[in-house]
Amino acid sequence: MSSLALYRRYRPESFSEVIGQEHVTAPLMQALRNNRVNHAYLFSGPRGCGKTTSARILARCLNCEQGPTPDPCGECQSCRDLARNGPGSIDVIEIDAASHGGVDDARDLREKAFFGPASSRYKIYIIDEAHMVTSAGFNALLKVVEEPPEHLKFIFATTEPEKVIGTIRSRTHHYPFRLVPPGTLREYLGEVCAREGATVEDGVLPLVVRAGAGSVRDSMSVMDQLLAGAADQGVTYAMATSLLGYTDGSLLDSVIDAFAAGDGAAAFEVVDRVVEGGNDPRRFVADLLERLRDLVILAAVPDAGEKGLIDAPADVVERMQAQASVFGAAELSRAADLVNTGLTEMRGATSPRLQLELICARVLLPAAFDDERSFQARLDRLERSGFTAAAGAPVPAAMPGGPGAPTVPGPLPAMGYVPGPEAHPMAPAGPAGGVAAERAAVRAAEPEPQPEPQRPSQPEPRQEPQPAVQAPVQAPAAPAPAPGAWPGAARPGGGAPAAGAWPTAASAAAPAPAPAPVQHQPAAPAPPAPPSPGMAAGVGQVQAMWPGVLEAVKNRRRFTWILLSQNAQVTGFDGTTLQLGFPNVGARDNFASSGSEDVLKAVLAEQFQVHWKIDAVVGGGGGQPAGSGPGSYTPPAAPAPPPPQQPPAQPQQQPAYQPPQQHQQAPPVQQPPVQQAPPPVAPEDDVPEEDDPDLVESALTGHDLIVRELGATVIEEYTNE
């Protein structure tokens, strides 16, 4: 077997044999067919991609006896001289500009260039490494390159075309060469090995292509080295990895499995094996980054191996597909970013092993970082561990701690419990505060709404024969829906104030709760309809995370936390809109007007990385617990209400104004439309009377007034210094 280097034995002899440079060879061959050959060419590109070889092929095509032709005959004297192992032609001069780039060399070339060729059609100068020619040398060649004789051709080859002065570059046809694609190069190496009769394992050629980095000459040199050291069994994968310095695939598989399982002991054991085995930690990190890149692509494109996006044997691709299936997309992306950053930090590091161990620690501990990528990685791990399945379990309708509190499934981590408003009855706020006592009385009366089962049979007889007797019962409820007024505790659906409602005088003057639900049964269409199945489908998952949401809201704004924990509950979720149910209109309006909705959206966006719309409704939907008192809105089974109560405008006010006798027998009903303003008074005449109650210094103000009227409780005091 010849001792000639492999890349020299298989150097192409025609443009059709050049691989991976079709964008250059096709135009050159067409120019030869058209006999439109320029006097100067500039070939540029990375090393080992075929620049000098293409220059020799072009010279051979030009000086062939049958040329200029794109396919040299290979039989004439010129073709034999310029063949792969030929002696060379006297009319084709190759100059190494690295050692002949001075002005004197350029002057010598210029003097000899005007002599005609000895035996060929053209005299061709191939100037290799043209970027090494000095500026003075280029200037000396400028005139002869600009206006050469008919028999003279120039071909410049360089890896740095920007260093060739512009006056020379503008007088040439520039053809940029590129690196050869891995797939093309792997097929070519396989053909060379077959022609050499060598046995090569499947995993060797990808390693050779990776070592060559797209350069044909470098890949052929690496392949020649492996073939030279191959034993009887041929070139094995173990031999290639040890000789080329790459990490063995088993080590990469072990560390990937450790990352997937969160096993720090296994990961650091692999690091110890890498270092103790004499492997370069930097090379290991580079190979690990390459493996993570393949996993990211396989996670996004499952058939990446068939499409050629991954250059690896079939068994390795199958193993990587199994590894990618146990990772989440965010976890893979985060691990690749951390390894890439660690590889950059390892350059020049005094302790590569320490850097490698730190990289493994960062990948294994996403909880130690509070950035978005780490949060997504933690979510991926929770999903793999069954968190989604547990969160999607059905939530019981009620629990002993409170009718509105969601039940967290067993496998979930323990989360803070937020009691409902019924779990902690409030004590009366001193002798002047009767609101707390009213609330306690309402809560005591809530479990006994007994007239509800009789609703289907009693609404018709109650309304027709006794409209005048029922007028005093409806009078206290009339001011509740007045525009601009504080929502009252009494509501059309029940005679007692609802839990968490704003207290008013109507709650104290309201009659017994038993007849009120029967009286106002036709007003039931006012509450919204139950949520659609799409809204109720995701209630379980949101209710499972609702205690965590409340805890985050508590840290942001306590007023919003109190409002949500005491009055709101999750009634629907369709993936983009979160529906919250409130026991009464006042609580819903207070939530909407106090900025609490913006606080809740901000907490969901910052703490949970979700951007949901908030839909505040009155009453519960499919997730409303049974027996939650007047706040529970159940679609009535009674027949349709009478026609006088069907107008769409303000349906809650119609029961108070329907019978004409009510306007005469119930003076309090006429109080809401107080539209007459007092006569205007000039500012200078607006002097308070001495007996004005607003001037009494003993009247309650500030804290005491809020406690008496609103039943407030001091949560925390801030001292302004």
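As a starting point, this report considers the structure included with it. Everything numeric here is computed off the predicted structure, so don't read it as measured data.

1. Some words on the pattern of salt bridges
Then step 1. The final tally for this structure, using the stated rule, is 21 salt bridges.
Then step 2. With a closest N to O distance of 2.8 Å, Arg293 and Asp294 form a salt bridge.
Then step 3. Note that Glu345 is salt-bridged to Arg362, the shortest N-O span being 3.9 Å. Linking Glu345 in helix H17 (residues 329-345) with Arg362 in helix H18 (residues 352-364), this pair joins segments that are 17 residues apart in sequence.
Then step 4. Overall, the relative accessible area of 26% leaves Arg362 in the partly exposed class.
Then step 5. Here the salt bridges share partners, and the residues they tie into one network are Glu13, Glu17 and Arg84.

2. Looking at the pairing of strand E2 (residues 92-96)
Remark: a regular strand shows side chains that alternate across the two faces of the sheet.
Then step 1. Across five bridges, E2 lies against strand E3 (residues 123-128) in parallel orientation. The residue bridging Ile93 from the neighbouring strand is Tyr125, located in E3.

3. Notes on the state of the cysteines
Then step 1. Scanning all chains against the criterion turns up zero disulfides.
Then step 2. Free of any disulfide, Cys73 has its nearest cysteine sulfur in Cys64, 3.4 Å distant.
Then step 3. Judged by its relative accessible area of 25%, Cys73 falls in the partly exposed class.
Then step 4. Between Cys79, a cysteine without a disulfide, and Cys76, which holds the nearest cysteine sulfur, the sulfur-to-sulfur distance is 3.2 Å.

4. Brief notes about the pairing of strand E7 (residues 577-582)
Then step 1. Here E7 lies mainly inside the structure; six of its six residues are buried.
Then step 2. Burial along E7 is two-sided: Thr577, Gln579 and Gly581 facing one way and Leu578, Leu580 and Phe582 facing the other are all buried.
Then step 3. Pairing geometry for strand E6 (residues 569-573) and E7, over four bridges, is antiparallel. Counted as the bridge partner of Val570 is Leu580 from E7.
Then step 4. The loop that links E6 with its antiparallel partner E7 comprises three residues; one of these, Gly575, has a positive phi angle of about 105 degrees.
Then step 5. Looking at chain direction, E7 and strand E8 (residues 613-618) are connected through six bridges and run parallel. Across the sheet, residue Gln579 finds its bridge partner in E8, namely Asp615.

5. Concerning the packing of aromatic side chains
Then step 1. Using the criterion set out here, one finds eight aromatic pairs in the structure.
Then step 2. Centre to centre, the rings of Phe154 and Phe156 are 6.1 Å apart; their planes meet at 10 degrees, and the pair counts as stacked.
Then step 3. What makes Phe154 buried here is its relative accessible area of 0%.
Then step 4. Using a relative accessible area of 1% as the deciding quantity, one classes Phe156 as buried.
Then step 5. In this structure an aromatic cluster arises from ring pairing among Tyr41, Phe43, Tyr175 and Phe177.
Then step 6. In this structure, Lys554 packs its charged tip against the face of Trp561, placed 4.7 Å from the ring centre.

6. A closer look at the packing of helix H13 (residues 264-276) against H18
Then step 1. Interhelical geometry of H13 versus H18 gives an angle of 160 degrees and a closest axis separation of 10 Å. Compared by their axis directions, H13 and H18 come out roughly antiparallel. For the element pair H13 and H18, the recorded crossing hand is right-handed. Judged by residue contacts, Gly264, Ala267, Phe268, Val271, Asp272, Val275 and Glu276 of H13 engage Arg353, Leu356, Glu357, Cys360, Ala361 and Leu364 from H18.

7. Here we look at the side chain of Asn63
Then step 1. Its place among the elements puts Asn63 in helix H3 (residues 51-63).
Then step 2. From its side chain, Asn63 meets the backbone nitrogen of Tyr122 in a polar contact 2.9 Å long.
Then step 3. The residues contacting Asn63, other than those within four sequence positions of it, are Ser78, Val92, Ser120, Arg121, Tyr122 and Ile124.

About the criteria used
- Residues numbered from 1 in each chain as written.
- Predicted model: local features only at pLDDT ≥ 70, side-chain atom pairs only at ≥ 80, totals over all residues.
- Heavy atoms only, no water.
- Salt bridge = Lys/Arg side-chain N within 4 Å of Asp/Glu carboxyl O.
- Helix = DSSP H or I, 4+ residues; strand = E, 2+ residues; numbered from the N terminus.
- Buried < 20%, exposed > 50% of the residue type's maximum accessible area, 1.4 Å probe, protein only.
- Pairing = 2+ DSSP bridges.
- Disulfide = S-S within 2.5 Å.
- Phe/Tyr/Trp six-rings, centres within 6.5 Å; stacked < 30°, edge-to-face > 60°.
- Lys NZ or Arg CZ within 6 Å of the ring centre and 35° of its normal.
- Axes fitted to C-alpha atoms, helices over the stretch in contact; angles between N-to-C directions.
- Parallel < 35°, antiparallel > 145°, perpendicular 65-115°, else oblique.
- Left-handed = near helix turned anticlockwise from the far one by under 90°.
- Contact = heavy atoms within 4.5 Å.
- Polar contact = N/O pair within 3.5 Å; in protein donor to acceptor, adjacent residues only side chain to side chain.

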